[in-house]
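Fold and geometry: a report
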Amino acid sequence: MLLVLIALFAVAGIAPLIFRYLGRSTFYVLAAAPALAFVWLLANFPAFTQSEQAVASGGPNAPPSELYSWIGPLNAHLDFRMDALAAVMCLLVLGVGALVLFYCARYFKNEDPHTAAFGAQLLAFAASMFGLVTADDLLLLFVFWELTTILSFLLIGFNRTRMSARRSALTALMVTTFGGLTMLAGLIMLGNAAGTYRISEILAMAPDLTALGTYIDVAIALVLIGAVSKSALVPFHFWLPGAMAAPTPVSAYLHAAAMVKAGIYLVARLAPGFGETAFWQPMLLWLGLATMLIGGWRALKQHDLKLLLAYGTVSQLGFLILIMGVGTPNAALAGLAMMLAHGFFKATLFLIVGIIDHKSGTRDVHQLSGLYKSSPLLFTVAAIASASMAGFPPLYGFVAKEAVYESLLEYAQGHGTTGIVLFIGVVAGSMMTFAYAARFLWGGFAAKPGMAPTAFPKVPLLFLSPLLVLTAATVAFAWIPQVLEGAIAPYIGLFEPAQTPIHLALWHGFTPVLGLTALTMVVGALLFLAREKVFAFQAKVPAVFDAERDYKYTVGGVDNLAIWLTGRTQRGSLSFYLVVILLVALLLPSSVAIMLSTPDPGNFIAFDHPAQMVIGLIMIVGAIGAVQANRRFLAVLMVSVSGYGMAAIFALQGAPDLAITQLLVETIVLVAFVLALRALPVELWAKNPTGHRLGRALIGIGFGASMIYIAATSMASRVADPISLAYPELAYVGGAGKNIVNVTLVDMRAWDTFGEITVLAAAATGVASLIFVRGRGDKRLRVSAVPHGSVDHGSEAIGGRDQSRAGLAVARNFAISKKDSWLVAGHTLAPERRSITFEVVTRLVFHTILLASVYLLLAGHNTPGGGFAGGLLAGLALAIRYLAGGRVELAEATPVSPGTLMGTGLGLAALTAAAPLLFGAQMFTSAAIEFTWPLFGEQKFVTSTIFDIGVYLVVVGLVIDVLRSLGSEIDDRSEGRSPTDTHDMVSDAETGVGR
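Before going into details, it helps to say that this report is about the structure given with it. (Residues numbered from 1 in each chain as written. Predicted model: local features only at pLDDT ≥ 70, side-chain atom pairs only at ≥ 80, totals over all residues. Heavy atoms only, no water.)

1. Quick word on the overall build of the protein
- Each helix and strand counted, the protein has 38 helices and four strands in total.
- Taken over 995 residues, the protein has a buried fraction of 49%.
- When contacts within the protein are restricted to residue pairs at least 6 apart in sequence, those whose partners lie at least 24 apart make up 77%.
- Of the roughly 44900 Å² that the protein leaves accessible, carbon and sulfur atoms contribute 68%. (Helix = DSSP H or I, 4+ residues; strand = E, 2+ residues; numbered from the N terminus. Buried < 20%, exposed > 50% of the residue type's maximum accessible area, 1.4 Å probe, protein only. Contact = heavy atoms within 4.5 Å. Areas by Shrake-Rupley, 256 points an atom, 1.4 Å probe, with all protein chains shown as cover.)

2. Details of helix α23 (residues 531-540)
- All buried positions along α23 are accounted for by Arg531, Val534 and Gln538. Across the axial projection of α23, the buried residues extend over an arc of 55°, all falling on one side. Exposed residues pointing more than 90 degrees away from the buried face of α23 are listed as Glu532, Lys533, Ala539 and Lys540.
- Structurally, α23 contributes buried residues whose contacts are with α13 (280-299), α19 (416-445) and α22 (512-529). (Arc of directions from axis to C-beta.)

3. Side note on the side chain of Gln281
- Within the element layout of this structure, Gln281 appears in helix α13.
- Only 2.9 Å separates the side chain of Gln281 from the backbone oxygen of Val326, close enough to count as a polar contact.
- Excluding anything up to four places from it in sequence, Gln281 contacts Gly275, Trp286, Gly325, Val326 and Tyr411. (Polar contact = N/O pair within 3.5 Å; in protein donor to acceptor, adjacent residues only side chain to side chain.)

4. Some words on the pattern of salt bridges
- Per the stated rule, a full pass over the model turns up 10 salt bridges.
- A salt bridge links Asp83 to Arg81, with the shortest nitrogen-to-oxygen separation between them at 3.2 Å.
- Judged by relative accessible area, Arg81 falls into the buried class, the value being 14%.
- Across the pair Glu889 and Arg881 runs a salt bridge, and its minimum N-O distance is 2.3 Å. Side by side, Glu889 and Arg881 carry an identical accessibility label, which is buried.
- Shared partners join several salt bridges into a network, and the residues in it are Arg81, Asp83 and Arg269. (Salt bridge = Lys/Arg side-chain N within 4 Å of Asp/Glu carboxyl O.)

5. Points about the environment of Trp70
- Relative to the elements of secondary structure, Trp70 occurs in strand β1 (residues 65-71).
- It is 7.8 Å that separates the C-alpha atoms of Trp70 and Leu917, two residues lying 847 residues apart in sequence.
- Excluding residues that lie within four positions of it along the chain, Trp70 makes contacts with Ala76, His77, Leu78, Trp751, Gln922 and Met923.

6. Observations regarding the packing of helix α15 (residues 329-360) against helix α20 (residues 461-479)
- Contact geometry for α15 and α20: axes closest at 9 Å, N-to-C directions at 155°. Our classification of the angle between α15 and α20 gives roughly antiparallel. Judged by the sense of rotation from one axis to the other, the crossing of α15 with α20 is left-handed. On the side of α15, the interface is formed by Phe344, Phe345, Ala347, Thr348, Leu351, Ile352, Ile355, His358 and Lys359, while α20 contributes Phe463, Leu464, Pro466, Leu467, Leu470, Thr471, Ala473, Thr474 and Phe477.
- Broken down by class, the residue content of the contact of α15 with α20 amounts to 13 nonpolar, four polar and one charged. (Axes fitted to C-alpha atoms, helices over the stretch in contact; angles between N-to-C directions. Parallel < 35°, antiparallel > 145°, perpendicular 65-115°, else oblique. Left-handed = near helix turned anticlockwise from the far one by under 90°. Nonpolar A, V, L, I, M, F, W, Y, C, P; charged D, E, K, R; others polar.)

7. Structural notes on a nonpolar patch on the surface
- A cluster of nonpolar side chains, namely Phe607, Met613, Val614, Leu617, Ile618, Ile620 and Ile624, defines an oily patch on the protein surface of about 640 Å² accessible area.
- Summarising the element assignment, Ile618 is placed in helix α26 (residues 610-628). (Patch = residues over 30% accessible without salt bridge, like charges linked within 9 Å, V, L, I, M, F, W, Y side chains within 5 Å.)

8. Some thoughts on the pairing of strand β3 (residues 928-933)
- In terms of strand pairing, β3 meets strand β4 (residues 937-942) through six bridges, oriented antiparallel. When the sheet's bridge partners are listed, Ile929 is paired in β4 with Phe941.
- Hairpin remark: β3 followed by β4, antiparallel, with three residues in the connecting loop. (Pairing = 2+ DSSP bridges.)

9. Considering helix α14 (residues 305-325)
- The terminal C-alpha atoms of α14, which comprises 21 residues, lie 30 Å apart, in line with the 30 Å expected from a rise of 1.5 Å per residue.
- With a side-chain oxygen lying 2.8 Å from the backbone nitrogen of Lys306, the N-terminal cap of α14 falls on Asp304.
- At the exit of α14 stands Gly327, carrying a positive phi of roughly 85°. (Expected span 1.5 Å × (residues − 1).)

10. What to know about the nonpolar core
- In terms of nonpolar packing, the biggest core is built from 207 residues, with Tyr253, Ile352, Tyr396 and Tyr491 touching the most fellow members.
- The element best represented in this core is α15, accounting for 20 residues.
- Of all hydrophobic cores here, the second largest spans 40 residues; its members include Ile757, Ala764, Leu958 and Leu963. (Core = buried A, V, L, I, M, F, W, Y, C linked by side-chain atoms within 4.5 Å.)

Everything listed is a geometric property; what it means functionally is a separate question.
Right under this line is the structure:
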């Protein structure tokens, strides 16, 4: 299962590359992936069903499972299980997915530049659905659930230039994400109550869990909200018709055969264990019935064929949720049979609409006429699929609907008025289904009076072939329904046995159910024949409840509230923002501390060493100096005094790692501040800020005192031994290192560090995007791209590019050595900006600092250092080189893009995380490799060092991004040259044109 999943995602990943060579024919290659997986499914299908039957009868064999540890302490695992229910769902996911991808090869045009992304996303969606239905872990199921949400958003918004497509995609995303997040809360509650997140184990524990009462009832209700939002039930039904802005293949797959079935699958998965919980039937039965009736009612008045099918899908999704919510074995059999039938005929009908729209240019029933003559084969397929949707014999839709009627009739007999109302409602909804099925066939293919036949070119057989396969399934399984019943039967064995079990069959004899079917067809036909009167009646009925309108009002209200709050809080005043932040941080914790009557911190120790007192006084002087400074540069220096003082205190307290890191961070931040200050006025204040000085002082002093009090009382409140006491042994025995800090970062708390370096990369990208807008400034002018003697030395022009040329010319003629130079790009600086002493020192210390950074990286596992400190030191070396030689020198020193460095670092970290899975261990598990070198003796290498190298690369990339953003870019702009000009200089220099 995992190999199939990986293969599907891998083909989706390389799909854009294949599109470059094969164009739209790539869809055939993409279709082969789920097709081969479908063949694998059929080849192993007996094993899936036999194993499940063995479990249902008390046998020892379980369905095939694959278990991989992911995050052990959180009980998160990569668990997959292919039982009968998952296998039946995969019939739709893989089979219909392959046919839809095959269909896309003739639906799209070669000229469309977005088909590559579309194909990759559609196949990735199929992979996500496969993962969803085979996941045997609640958290893993949620991951795939949200993947389908994101991919559906991208697929619905395929026509990104159309406002309607973007709006519909966003609506679908917001509605289904709301349901997904609500469901996540329920899944966590369920997993915590069970003590495991493995679905098969939770279902086995269901009797004990349901005995917990309200807690489990609420958890299941939250999960069901996710299911009904995904399957577009009332009041979330409005997103599905809007999603018809997507290309028709998306509608055929996501909104008929796959995505909307995810909610039905989840209900079916939980029904055997939790069908008796308090909110199960009230939610599913009544929401399902309301959705079926509302969807059918609205489908009757649609004149767009695609919208007609969309509202019909809404109606039948309510139908399916209702029957699955009944919770009896007979209803479960009927529900799964109806789900398969719906996948067959509804996917076919959507694909037919795609062909009609593709060939005629319209889907409006008022503009289509006579298509049954111009395309008889397409009409035949449409007639069979429509008849199956209407429940007309002898088709599989009829077989499934007969089973539904029979199971609901049984339910009605045992549940009084509730059962009778539900049964009558389902029959009424089925009558409307018959009517809109007839309307679809008439509207798309009939010859309309007074209308000329619609021009309709011949449809290639290759374009029709996916429809023919689905239609063949609709016809064939009506005659051999026992095949699919045999596939479904093992799942039915999970319920309590029915007193009178039903079976799928084309003919049950003359029964009450057959009479109800005949009544459904007669009334449905009358509704269709009286369609004009029905339209007139519908126009007179006011829309008492409009979910889409209410959704728009809600979103609009949130937007207006956000604008109102933003206008009153985002005032463009940094001092105002600081006041708000500090007041909240002061008042809330202090209030809680006072109300809880926190313990007395006890005796305070002023200092452990006289040097600490001296350093503390210096820090206080620095803080006062920063407050009093009126120049930005002086204020930054005074703030740095406090930072360097803190590094000294760390060193005196025996924390060398913290001291080194604090020292390097403070230095890098100081450099960044100084670089940024060049673009700001020298004076800190435009006018002396005399207002509210006392209030600001009180807030500052109060915040500091509050933090001291909270820290002291927190330490005094400790009643258990700190976990840090176990860290030395954990670091040495578990992490094979003596440096507790570094081992903690790269081994014991590696997940935290991975999240932190991801945030660093995101922050660097954000800074670069704000400064450069496009790109990362990688195309900086390098000295190798500027030939000597290619500048007009006599140019006296000032401003713009001429001034830059003149500056370069003067720089080259000033103290340049033809043989060698202290710095490669020193001659590109103007004479007044050069410092020969600084250049010499830089040349001497640059490589030494880099070597020291590598030492810190490699030695950090056992001695002070590590990837973070080493990366900062390497960044400091690059900062020195930039200060000595300018932006061109920085470009020479960093030929690799910072984005590449950070991406490589994150990739190494991710590889370190995932590699242990191949050996059956948990993610981020490290291994110590001991070996002997002839000269160096016994050595030990810990694999977490590779993770540390990733941290090193991310930090170096971050520093380069800062230097390029706040250094090189400001240099460019201060010299009157835009980034485009700089890029032009590179291009001209590379082609030999002098600047």
